[in-house]
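Results of the structural survey
One letter stands for each residue in the lines below.
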Amino acid sequence: MHKIRLGILGSGQLGQMMAYEAFLHGISVSCYSPDYESPMKEIGVPITVGSFDDTEAILKFISNIDILTFEFENIPRSTLDFLDSLLPSNVNKRETNDKIKIFPNPNSLRIAQDRFLEKNHFKSLGLKTPEFALLTKESSNSLIPFPWIIKTLRFGYDGKGQHKISTDQEFKDFLKEAFPNGNEEYLIEQKINFDLEVSVILTRFQNGVIETYGAIENIHKNHILDISIFPARISDALQKKAIEIAKSLSDSLNYVGTIGVEFFIKDEEIFLNEYAPRPHNSGHFSQDSGNPSQFKMHIAAVTDLFRPSLERVSPTVMKNILGDSFEDSLNRVNRLLSDPRYNLHLYGKKESRKGRKMGHLNFSGSIDEIDPEIFKI
C-alpha cells in the first residue's frame, strides 16, 4: 500500500497539530517554510527551507508529495497563481505534477488574504457583512458613516494594520501617513459595536459533505484571541444561522478541509466578518471536547483516507497562552493541571515575546465551572 505523502506550506503550530494527527494514520508529513526553527521542527517534521515566492523550490518540494495543504494563508499571490496552474484542470500533463492534489484550492486563500476581495465575495453571495469601501491614494472618499476601522488590505492578523477612525480630522491625520509609496491599499469597514464575536469551525470533504462543531464564542484581548467558549452562549436561531452561512460560504469556495468562519453579533443580527482557510485558533477546544479535533478532521478531508464524524461534542473552554509573562503563566497553568479537566498544549517555540502564541490550555467543562485563576494567565 502506498503511504500518502502530505506536504504543508508553513511550519507553525497549526501545521504541528495537523502533523500529529497525520502521523496517527500512517501519513508521511513534510513542510516547506522560510523558518527552520519552528514548531514543526520540534516534532521532527522534515523542513524544506525556502521563501514562499520561490516557485522553483516549491515545485521541487511538490514533486515529492501527493497532497499539498496550508497552515498559513499569507502566501504571495503570484505563488498561489502558480499553484493553481498545477491543478489537473489547468495543467498540460507533466510528470512532476499530474498527480498533485491541493486542498483547499489556492483561490480560497487568494480571496481570504485580500480583504476587499473577501468582502466582495460575501456580498456576491448575499451574505450580510459590515459596510465597506476600498481606499487608495486616488480614491480617499467614502460615504460610509463613522465610526470606521481602516485595515491594510493584505497580510494583517491579530489586530495588526488596523486603525479606528471616528471623525473627519482623524481621517485627515491618517491620510498624512497612509501612502508613503503611493500604491498602498486599505479597506474602510463600518465599525460594528457588537455584543459578541463567534466563529464556526467546519470541515468540508471532497464529496461536499460538511461536518461542523457549531458556534464558538470568542473573547479577544488587545485584538488577540484570549478565550473561546464552546458552545457559544447564543440563541438556537443565531446558532443555526451562523452554521448556514458558514456552509454556504464553504460551498461557494468549493472548499476542502477545515475552515474557520468569524461573525459579529449585534441585537440578534449576525454579520459575517472574515474566514480563515485552515484550522483556526478558536477551534483548538476540539482537541479535548470528546470528539475528533479540527486537525484530525482536516487531515481526513484532504487525504480522503478516513471519514470521522462529529456526533457528540462536550462543553469546553480554550485559553490562549501568550509570551507575555510566560514563566508566570506556566506557574499558574501547572497549579491548574492538578485538576484532570485541564489539558495543556505547548508549541515548543524557542522565544517567548509579547503577543506571541506559545500554547493553549483547554478545560473540559462549562465556563461556569472554570477556576478564576485561568483568567490571570
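A brief report on the enclosed structure follows. (Residues numbered from 1 in each chain as written. Predicted model: local features only at pLDDT ≥ 70, side-chain atom pairs only at ≥ 80, totals over all residues. Heavy atoms only, no water.)

**Topic: the pairing of strand 10 (residues 196-204)**
Applied cut-off: Throughout this description, buried means an accessible area under 20% of the type-specific maximum (1.4 Å probe, protein chains only), exposed means over 50%, and partly exposed covers the range between. Going along the chain from the N terminus, every DSSP run of H or I of four or more residues is numbered as a helix, and every run of E of two or more is numbered as a strand. A pair of strands is considered paired only if DSSP assigns at least 2 bridges between the two.
The element strand 10 is extensively covered by neighbouring structure, given that nine of its nine residues are classed as buried. Residues L196, V198, V200, L202 and R204 of strand 10 are buried on one face, and the alternating residues E197, S199, I201 and T203, pointing to the opposite face, are buried as well. Note: strand 10 against strand 13 (residues 257-266), nine bridges, orientation antiparallel. In the strand pairing of strand 13, V200 is matched with V261. Bridge count between strand 10 and strand 11 (residues 210-221): seven bridges; the pairing is antiparallel. In the strand pairing of strand 11, R204 is matched with I210.

**Here we look at the nonpolar core**
Short version of the rule: Throughout this description, the term nonpolar core refers to a set of buried Ala, Val, Leu, Ile, Met, Phe, Trp, Tyr and Cys residues connected via side-chain atoms within 4.5 Å. By definition in these notes, contact holds between two residues if any of their heavy atoms fall within 4.5 Å.
By size, the foremost hydrophobic cluster in this structure holds 34 residues, and its most contacted members are L6, I8, Y213 and I299. Residue assignment for this core shows that the elements contributing at least two residues are strand 1 (5-9), helix 1 (13-24), strand 2 (28-33), strand 11, strand 12 (224-230) and helix 9 (294-303). Ranked by residue count, the leading element in this core is helix 9, at six residues. Every residue in contact with L6, bar those within four places of it in the chain, is listed here: A22, I27, S28, V29, S30, I65, I67, T69, I299 and V302.

**Overview of the packing of aromatic side chains**
Just so we agree on the cut-off: Any two rings among Phe, Tyr and Trp, with Trp reduced to its six-membered ring, count as a pair given centres within 6.5 Å; such a pair is stacked if its planes are under 30 degrees apart, edge-to-face if over 60, and tilted if neither.
In this structure the tally under the stated criterion is 13 aromatic pairs. Pairing F116 with F132 gives two aromatic rings, centres 5.9 Å apart and planes at 75°, and the pair type is edge-to-face. One end of the pair, F116, is in helix 6 (residues 115-124); the other, F132, is in strand 6 (residues 132-135), with 16 residues separating them in the sequence. Judged by its relative accessible area of 18%, F132 is buried. Judged by centre distance (5.8 Å) and plane angle (80°), the ring pair of F179 and Y186 falls under edge-to-face. When sorted by exposure, F179 lands in the same class as Y186, which is buried. Every member of this aromatic cluster is reached through a ring pair, and the members are Y32, F52, F61 and F72.

**Digging into the sheet that holds strand 6**
Note the following rule: Inter-axis angles, ranging from 0 to 180 degrees, are taken between N-to-C directions of lines fitted to C-alpha atoms, where helices are fitted over the stretch in contact.
Taken in spatial order, the four strands of this open sheet run 6-9-7-8, and their pairing is antiparallel. Each having just a single partner strand, strand 6 and strand 8 (162-165) make up the two edges of the open sheet. Put simply, the sheet's adjacent strands are angled 25° from each other on average, direction ignored. Of the strand pairs in this sheet, strand 7 (residues 148-152) and strand 9 (residues 186-190) are connected by five bridges, and their pairing is antiparallel. Each residue of the ladder has a partner; that of I150, found in strand 9, is I188. Set on the sheet, helix 7 (residues 168-178) makes contact with strand 6, strand 7, strand 8 and strand 9; between it and strand 8 the angle comes to about 150°.

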